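Here's the letter readout for the chains.
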Amino acid sequence: MTIDKSWTQIRKRSNSTVFWQGLQSFLQMAKSHVNDRGFIRCPCNRCINNAQHQLEVLESHIHRFGFMSDYNEWIYHGENVNAASSSNVPQPNSEVHDRDEMFEVLEDIISNDAEVDQLGSQSSNVQYDDLFTALNSELYPGVSSFSSLNFLVKLMHLKVMNKWTNKSFDELLKLLKLAFPKMDLVESHYEAKKLMTKMGLGYQSIHVCKNDCALFWNENSMSETCPVCSESRWKMQAGRRTGKNVPHKVLRYFPLAPRLKRLFATSKTAKLMRWHQAGKSTDDNVMRHPVDGRAWKDFDRKHPEFADDVRNVRLGLAADGFNPFNNMSISYSMWPVVMTTYNLPPWLCMKPEYLMLSLLIPGPQSPGKDMDVFLQPLIEELKELWENGIDTRDASNDRKIFKMRAALLWTVNDFPARSSLSGWSGQGYKACPTCNEDTPSMRVIGKTAYFGHHRFLPSTHRWRSNLDFDGRTERKRPPRRFSSVDIMDQLRRVKTTISGKHPNYGGVKRKRGDDELNWRKKSIFYELPYWAEIELKHNLDVMHIEKNICDSLLGTLMGDPHKSKDTDNARRDLQNLGIRSELHLYEDGNKLMKPAAEYTFSDANRRKFCRFVRSVKFPDGFAANLSKNVAQNDSRIVGLKSHDCHVIMQRLLPVGCRSLVNKTISSTIIELCTFFNQLCARTVNVTDMVKAQDQLVIILCKLERIFPPAFFDIMIHLVLHLPEEAILGGPVYMRWMYPFERYLKRLKDYVRNAAKPEGSISEGYVVDEALTFCSRYFDDIETRFNRPDRNDDGIHRTRRLFVFESQCKPMGKQSQVYVEKNVRDRAEFYILNNSPEIETYLKVHAPEVTPELLSLASKSNIVVSSYPACIVNGVRFVTHARDVRLKTQNSGVSVPGIENEIFYGQLQEILEFSYLNDFSVVLFKCKWFRCDSRRMVTENNITSINITSDSYKDDQFILASQAQQVFYVEDPSRGPNWRVVQHVNHRSIWDITEDGMSDIDLLQDNSSSNFTLFVDLGNLPQINLQRNDGDVIPIVQPFTTVSQHVNETASFLNDDDEEDVSEEDDETVEESADEETDEGNDAVDTEEDDDDHSYHTSDSD
């Protein structure tokens, strides 16, 4: 049968019926020859059978580019298939492309970018021509294993992974060219970057008014002056433009839709975008992902058409400011807006490879209240993705096209940035966005204190009538809950403001009216059709709240002059309120004296606490070396980062303060720290959070009875709302700033031109984005997706006997030792006793003798291998003898008993017993501590154990695979022979069975139920808050008598005083996200925070 091919020569294809009919006949014939993914070689003039596409793309390509003229026998599309090997028809270099990963990369990129809704609607793909040229070029004559493009992409990937400088990369290219003159390779990094950007998704540059009034975008795109303040769009010199039009500011916008489409473009991620449906918890009381939270479920209930397709994307937004320069004396604040995808599993969605830069707001000033101006492009795209969606190919579903939609679930920001995004001011009497106009607050000297939490108690509670809080009986009702309708009613009363910072327009200070409450504006997020109904719009950032509370607690306990809340004015507040007379300032001759408070350490106790912190050693990768933060004279702890505070609050402060302050004070602090342990667990129990909501009210009331009102800044108050947000949003590790702060460090590393930091970041991000996508396809080099963990123990062969699976990755020098016969007999008995498969063989009369069974029955070799350290199941263990010489502690072990009891000990030896046929078993020989009621005590979730007496001397062995790691810290309250046990849950170990497990940013306990938050609901603590050591502190300042000061400040007790609520009262100060260097134990925390991140300021006089 002769095939009519004349239609392939027709040049005017658009209106040719003959061409159209011939093309359809060709596609019908080719339909039966597609591969298992629905792909077939494309014979258009551009692809020339080198690229494979689906039939829809072939139809578009051939119509647009024409049919290749020298393809006369359609051997790949159904004609004379058996003659393919003998045909003289030009063929693509299959020897190269069948093994070249870049062929699959370009295939996925092009098929994803192609528009196939209508014939000929595909946008120009000329940008890929250079890529195909490099793909079809051999790296070196005769070398078919590498194309030029493949080699260049992998070389660029090594540059990024190993942080080579541009100059070193240029020098390497020169050396390669010198050594291999015929090598087909680019000349410089600049050329390589230009080629890589063609695989990237690019960005848009949008000019901005110099005063942040408006964007030169959409209807204003051609304007020469700002539509608000009439300032020129361009930089001027002496009232005239420069030779080239240079805009004052440029906003870089990275479109969201194509980046979401790429997640579905490859089967490597497309399937993961459905995880939230298959991986959600089956227990309504257990939350391990935002999908298990009440907010997600409520959104699905209100928008069932969106929830019906599990591929629709749920997004989170984070924005924060950082200084892109290493020289922090330069004042500069650049604001990236980063998006994350919550469809992904919990171990992936917060990884930097899955975070997407959406906006890069230029400096040097923070956008502040004008944040909405810069968010306009993103909001417009989010509205389009919600209302109309976008056609997307799903690589996990035969590359079928579906209509992808997206919704923004919430934002994640620190508290000042939250004010800029939400429109609710974070300062003043009504600073709490949850309590709204019912925020409990009072004016104290020089600041607003968020004091009076006994208001949250039931109206009949006896503590309401207690005068020890503020000298008054509390009669106000608990703050009411504000519904979405209430919030929208408040926003309707907010006056429209002019954007920008021009002194005659948006920069004019405006006093808010009483009916506007703390609203500064109606946020642009309310333009999203679904935003008003979302229960959790803006997350309170647990990272910064925990850091600020730790700074306040530690600074006050230590008496730090820069961070203590126990200032002179704080004591005057007590006198003005008429409470705690033992702490009032008093006059001694011509001096003003301040009694030492019970909630501060004495000098001796301060040194004890510092020595305690200095003595702590953490497991490998757990935390920074905190001993470096302790002053040499043991008087202060300085330079704490956010993760340091996280560890101190949850691990050290509850242990260290027990013997150094009054028991009532220490137990209250421990209760607060226990709550943070519950909150930060990977798996959160809803019941635990419901109980914590009520118990936190009691804890805050007890704190109010101990600390002065000045201690209670807004961060202390916000703790009260964290359990409710956990119930709504799920585990906090997917809703806090740690991963986003770390991501700022990556953006900062892109800056190579200090004169143009925004441009450097934008160009670097696009190239890195393309390389990250390509690296998903590489298996022969180390990438971000296949590089082993720090404590990777490799892949072990599967064994039929359980004991032979007790393997490890040895570390250190191997020693051959001879074990005494009685010790070897005990070890072999333990091995046999822990082989459950043996029982099966004993019951069978003639069991099958497998090589493993024969090896186990033949006993072990008399020579045993010993190692000083090893890695088991991703956990590093070190023998105690070596551990004492290190800065880390990896010798602590625990193992559960038969009756659910837990045994604790120290690793003494790592022994590998060898058997026949190359089988072996790794055993840990441990020193086990006595765990009876006299030598192990658990109080307030703190387990202390005496290490002087050991037990089970004849039963010291466990399988290496059975060991669970713990570490020990000194227990100052019980003496030098006692240690507090701290359990460790490692980043790479999850209790969710799924492929592709990876780590997250921090170490948390697996479940909130591991901690019991027990709060004493008895009477309020009646203690004398003056320390009984007789210490007093003279105040060095211009002398003012106590009576004079009381008369001058008595008016502050009037809660109805007019508040200064000017529009600029809480203009956010840029948080400089400084680069931090991990110290000590390869600290997990590398987030870009500094003391400037702290919301409160020093209260010292």
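Preceding this section is the structure that the text describes.
Here is what the cut-offs are and how they apply
- Residues numbered from 1 in each chain as written.
- Predicted model: local features only at pLDDT ≥ 70, side-chain atom pairs only at ≥ 80, totals over all residues.
- Heavy atoms only, no water.
- Helix = DSSP H or I, 4+ residues; strand = E, 2+ residues; numbered from the N terminus.
- Expected span 1.5 Å × (residues − 1).
- Buried < 20%, exposed > 50% of the residue type's maximum accessible area, 1.4 Å probe, protein only.
- Arc of directions from axis to C-beta.
- Contact = heavy atoms within 4.5 Å.
- Pairing = 2+ DSSP bridges.
- Axes fitted to C-alpha atoms, helices over the stretch in contact; angles between N-to-C directions.
- Parallel < 35°, antiparallel > 145°, perpendicular 65-115°, else oblique.
- Left-handed = near helix turned anticlockwise from the far one by under 90°.
- Nonpolar A, V, L, I, M, F, W, Y, C, P; charged D, E, K, R; others polar.
- Salt bridge = Lys/Arg side-chain N within 4 Å of Asp/Glu carboxyl O.
- Phe/Tyr/Trp six-rings, centres within 6.5 Å; stacked < 30°, edge-to-face > 60°.
- Lys NZ or Arg CZ within 6 Å of the ring centre and 35° of its normal.
- Core = buried A, V, L, I, M, F, W, Y, C linked by side-chain atoms within 4.5 Å.

**Points about helix α19 (residues 603-615)**
One turn of an α-helix holds 3.6 residues; hence residues three or four places apart share an orientation. Taking 1.5 Å of rise per residue, the 13 residues of α19 would be expected to cover 18 Å, and the 18 Å separating its terminal C-alpha atoms lies within 8% of that figure. Inspection of α19 places Asn605, Arg606, Phe609, Cys610, Phe612 and Val613 among the buried residues, and these make up the whole buried set. An end-on view of α19 places all buried positions within 155° of arc, on one side of the element. Against the buried residues of α19 lie α17 (542-558), α20 (642-656) and β35 (964-970).

**A word on the pairing of strand β16 (residues 406-413)**
Counting buried residues along β16, eight of its eight residues qualify, which places the element largely inside the surrounding structure. Bridge count between strand β11 (residues 313-319) and β16: six bridges; the pairing is parallel. Within the sheet, the bridge partner assigned to Gly316 lies in β16 and is Trp410. Of the strand pairs in this sheet, β16 and strand β19 (residues 538-540) are connected by three bridges, and their pairing is parallel. When the sheet's bridge partners are listed, Val412 is paired in β19 with Asn539.

**Side note on unusual backbone geometry**
A cis amide bond links Gly363 with the next residue in sequence, Pro364, at an omega value of 5°. Its location among the elements puts Pro364 in the loop between β13 (356-361) and α14 (371-387). A positive phi angle, near 55°, is found at Asn218, a position not held by glycine. As for its position among the elements, Asn218 is in the loop between β6 (215-216) and β7 (236-237). For Asn218, a relative accessible area of 45% puts it in the partly exposed group. A positive phi angle, near 65°, is found at Ser230, a position not held by glycine.

**What about the sheet that holds β19?**
Ordered by their spatial adjacency, eight strands build an open sheet running β6-β5-β9-β13-β12-β11-β16-β19, and the pairing between neighbours is mixed. Sheet topology places β6 and β19 at the edges, where each strand pairs with a single neighbour.

**Quick word on the packing of helix α22 (residues 686-706) against helix α24 (residues 722-729)**
Pairs of packed helices are described in terms of their axes, by the angle between the two and the distance that separates them. Close contact between α22 and α24 brings their axes to 8 Å; oriented N to C, the two are set at 165°. In terms of their interaxial angle, α22 and α24 are classed as roughly antiparallel. Between α22 and α24 lies a crossing of left-handed hand. Packed against α22, whose contacting residues are Met689, Val690, Ala692, Gln693 and Leu696, the element α24 presents Pro723, Glu724, Ala726 and Ile727 at the interface. Across the contact of α22 with α24, the residue classes break down as seven nonpolar, one polar and one charged.

**Re the pattern of salt bridges**
Close approach of charged atoms allows side chains of opposite charge to pair. In the structure shown here, the tally under the stated rule is 49 salt bridges. Here Asp298 ties to Lys302 by a salt bridge, and the two come within 3.1 Å at their closest N and O atoms. Here Asp298 and its partner Lys302 are both found in helix α12 (residues 294-302), four residues apart, which amounts to about one turn of the helix. On the basis of relative accessibility, which here comes to 33%, the residue Lys302 falls in the partly exposed class. One continuous salt-bridge network, built from bridges that share partners, spans Asp212, Lys249, Lys369, Asp370 and Lys501.

**Digging into the packing of aromatic side chains**
Scanning the model with the defined rule gives 41 aromatic pairs in all. The interplanar angle of 70° and the centroid separation of 5.7 Å between the aromatic rings of Phe618 and Phe967 together place this pair among those described as edge-to-face. In this pair, Phe618 sits in the loop between α19 and α20 while Phe967 sits in strand β35, placing the two residues 349 residues apart along the sequence. Like Phe967, Phe618 is buried. Taken together, Trp7, Phe19, Phe26, Phe67, Tyr71, Trp74 and Tyr76 form an aromatic cluster joined through their ring pairs. Lying over the aromatic face of Tyr76, Arg41 brings its terminal NZ or CZ to 5.1 Å of the ring centre.

**Considering the side chain of Thr783**
Tracing the sequence through the fold places Thr783 in the loop between α26 (757-775) and β23 (809-811). According to the relative accessible area criterion, Thr783 is buried, its value standing at 0%. Residues within four places of Thr783 in sequence aside, it is in contact with His157, Met161, Ser775 and Phe778.

**Some thoughts on the nonpolar core**
Of all hydrophobic cores here, the largest spans 191 residues; its most connected members are Leu260, Leu315, Leu408, Phe609, Leu653 and Phe676. The dominant element in this core, judged by the number of residues it contributes, is α22, at eleven residues. If we ignore the near neighbours within four places in the chain, the residues touching Leu653 are Leu553, Leu554, Leu557, Phe609, Ile648, Ile669 and Cys673. The next biggest cluster of nonpolar side chains, apart from the first, holds 56 residues, and it includes Ile40, Ile75, Met196 and Phe778.

**Here we look at the packing of helix α6 (residues 148-162) against α26**
The N-to-C vectors of α6 and α26 enclose an angle of 115°; their axes lie 10 Å apart at closest approach. Taken together, the axes of α6 and α26 lie roughly perpendicular to each other. Like other packed secondary-structure pairs, α6 and α26 cross with a definite hand, here left-handed. Taken together, the residues of α26 that come into contact with α6 (itself represented by Val153, Met156, His157 and Val160) are Val767, Asp768, Leu771, Cys774 and Ser775.

**Quick look at the environment of Pro595**
Summarising the element assignment, Pro595 is placed in strand β21 (residues 591-595). Judged by its relative accessible area of 2%, Pro595 falls in the buried class. Each C-alpha atom of the pair Pro595 and Arg571 lies 9.4 Å from the other, and the pair is 24 residues apart in sequence.

**Points about the sheet that holds strand β27 (residues 875-878)**
Pairing is antiparallel across the open sheet formed by three strands, whose spatial order is β23-β26-β27. Strands with a single pairing partner mark the edges of an open sheet, and in this sheet they are β23 and β27. On average, adjacent strands in this sheet sit at an angle of 25° to one another, irrespective of strand direction. As paired elements, strand β26 (residues 869-872) and β27 share four bridges and run antiparallel to each other. Paired with Ala869 across the bridge in β27 is Val878.

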